[in-house]
Structures are given as C-alpha cells and as structure tokens.
Amino acid sequence: MDLHSLEWVGILVARVAVGLLFFLSGRAKLFVPERREQMRQTLIKAHVPFPEFNAAFVSTVEFVCRVAAVLGAVTPLASALLAGVIIVAIATTAIRNIKANLPTEWLAAFLYLPECFTW
C-alpha cells in the first residue's frame with residue numbers, strides 16, 4: 001500500500017480535531033449564557049473595545065469558520081480569521097500574565113502558551 005494514498009486520513013483527522021475544539025468553544029460562547037458572560041468579562045479585563053460586540057463576533061468566528069474549515073469551504077479565509085482570533089487572544093490576555101525574571105524565562109513561558117492557554 002502506498003503511504004501517500006492515506007495522507008488524506010491524517011489531514012481529515014487533524015481538521016476534525018481542531019475543528020471540534022473551536023466549534024465547541026464557539027458554540028458554548030454563543031449559546032450558553034454563563035460562557036457568553038465569561039467571554040465578555042475577559043474582554044473587559046483585557047481592555048478590548050466594544051466587549052459585547054467582540055464577544056459575539058469572536059464566538060461566531062470560532063463557530064462558523066471552524067465548520068467551514070472542517071468541510072473544506074473557504075479554508076484560507078476561515079483559517080486567517082481564526083488565526084486572527086488566536087493572535088488577539090494571546091496579545092490581549094496571555095502575554096500580560098507571563099511572569100519571568102529573565103528574557104529566556106519569558107520566551108520559554110511564551111512558547112508554552114499554546115499548551116496552557118484557555119479561552
């Protein structure tokens with residue numbers, strides 16, 4: 001059996017796994033009032049302008065773009081929007097919480113963010 005003929009399986013599994021993460025997170029923020037309020041409070045603490053609008057926008061992007069990406073529809077656009085959400089989340093909340101005395105400690109903590117960052 002040719003290994004290349006099974007490449008689509010790995011791509012599909014990765015797409016579905018990452019897609020489910022964003023989809024479920026976005027769904028909870030859109031349809032569960034407690035999660036919606038938690039998202040709004042996080043944006044307020046991060047001094048993000050228009051927290052009501054941005055909470056709805058970010059949740060919608062996570063929900064809709066992940067469905068589109070999993071289905072393979074407008075994948076580049078969906079991925080770019082999701083990357084923007086991640087970058088803004090890291091820049092507005094996660095980086096501020098890094099505690100380090102040395103630049104190397106800061107860099108190590110920054111590189112560890114994807115492992116411990118919660119939305």
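1. Some thoughts on the overall build of the chain
Across its full length, the chain carries 5 helices and 0 strands. N-terminal to C-terminal, the α/β element order of the chain is α-α-α-α-α. In terms of overall dimensions, the chain has a C-alpha envelope of 50 × 40 × 20 Å along the principal axes. Per-residue burial for the chain yields a buried fraction of 29% across its 119 residues. For the chain, long-range pairs separated by at least 24 residues make up 54% of all intrachain contacts whose partners lie at least 6 apart in sequence. Put simply, the chain shows about 8100 Å² of open surface, and 72% of that area lies on carbon and sulfur atoms. Of the side chains in the chain, 10 bear a positive and 8 a negative charge, and the two mean positions are spaced by 8 Å.

2. Thoughts on the confidence of the model for the chain
With 92% of its residues at a pLDDT of 70 or more, the chain has an overall mean of 83. Averaged over each element, pLDDT in the chain is lowest for helix H5 (residues 103-116) (79) and highest for helix H2 (residues 33-45) (90).

3. Quick word on helix H3 (residues 51-71)
If you check H3, its first and last C-alpha atoms are 30 Å apart, about what 21 residues at 1.5 Å a residue would give, namely 30 Å. Along H3, the residues that are buried comprise Pro51, Asn54, Ala55, Val58, Ser59, Val61, Glu62, Phe63, Cys65, Arg66, Ala68 and Ala69.

4. Thoughts on the pattern of salt bridges
Within this structure, the stated rule accounts for 3 salt bridges. Across the pair Lys29 and Glu62 runs a salt bridge, and its minimum N-O distance is 3.2 Å. Of the two residues, Lys29 is situated in helix H1 (residues 7-31) and Glu62 in helix H3; the sequence distance between them amounts to 33 residues. On the basis of relative accessibility, which here comes to 2%, the residue Lys29 falls in the buried class. The class of Glu62 is buried, set by a relative accessible area of 0%. The residue Glu37 makes a salt bridge to Arg40 at a minimum N-O spacing of 3.0 Å.

Criteria and thresholds
Each chain has its residues counted from 1, following the order in which its sequence is written. Restriction of local features to residues with pLDDT of at least 70 applies here, the model being predicted, together with a cutoff of 80 or more for giving and counting side-chain atom pairs; totals for whole chains, interfaces and linings are based on all residues. To obtain the side-chain values, all non-hydrogen atoms of the structure were used and water was disregarded. Numbered from the N terminus, helices here are DSSP runs of H or I no shorter than four residues, and strands are runs of E no shorter than two. With a 1.4 Å probe rolled over the protein chains alone, any residue whose accessible area is under 20% of its type maximum counts as buried; one over 50% counts as exposed, and the rest are partly exposed. Working rule for contacts: check all heavy atoms of both residues, and any pair within 4.5 Å makes them a contact. Computed with the Shrake-Rupley method and a 1.4 Å probe, the accessible areas treat only the protein chains shown as cover for residues. Counted as positive: Lys and Arg. Counted as negative: Asp and Glu. His and the chain ends are not counted at all. By convention, the charge on Lys lies at NZ, on Arg at CZ, on Asp at CG and on Glu at CD. Each residue carries a pLDDT score, the predictor's confidence in it, ranging from 0 to 100. By this rule the span expected of a helix is its residue count minus one, scaled by 1.5 Å. The working definition used for a salt bridge is a side-chain nitrogen of Lys or Arg within 4 Å of a carboxyl oxygen of Asp or Glu.

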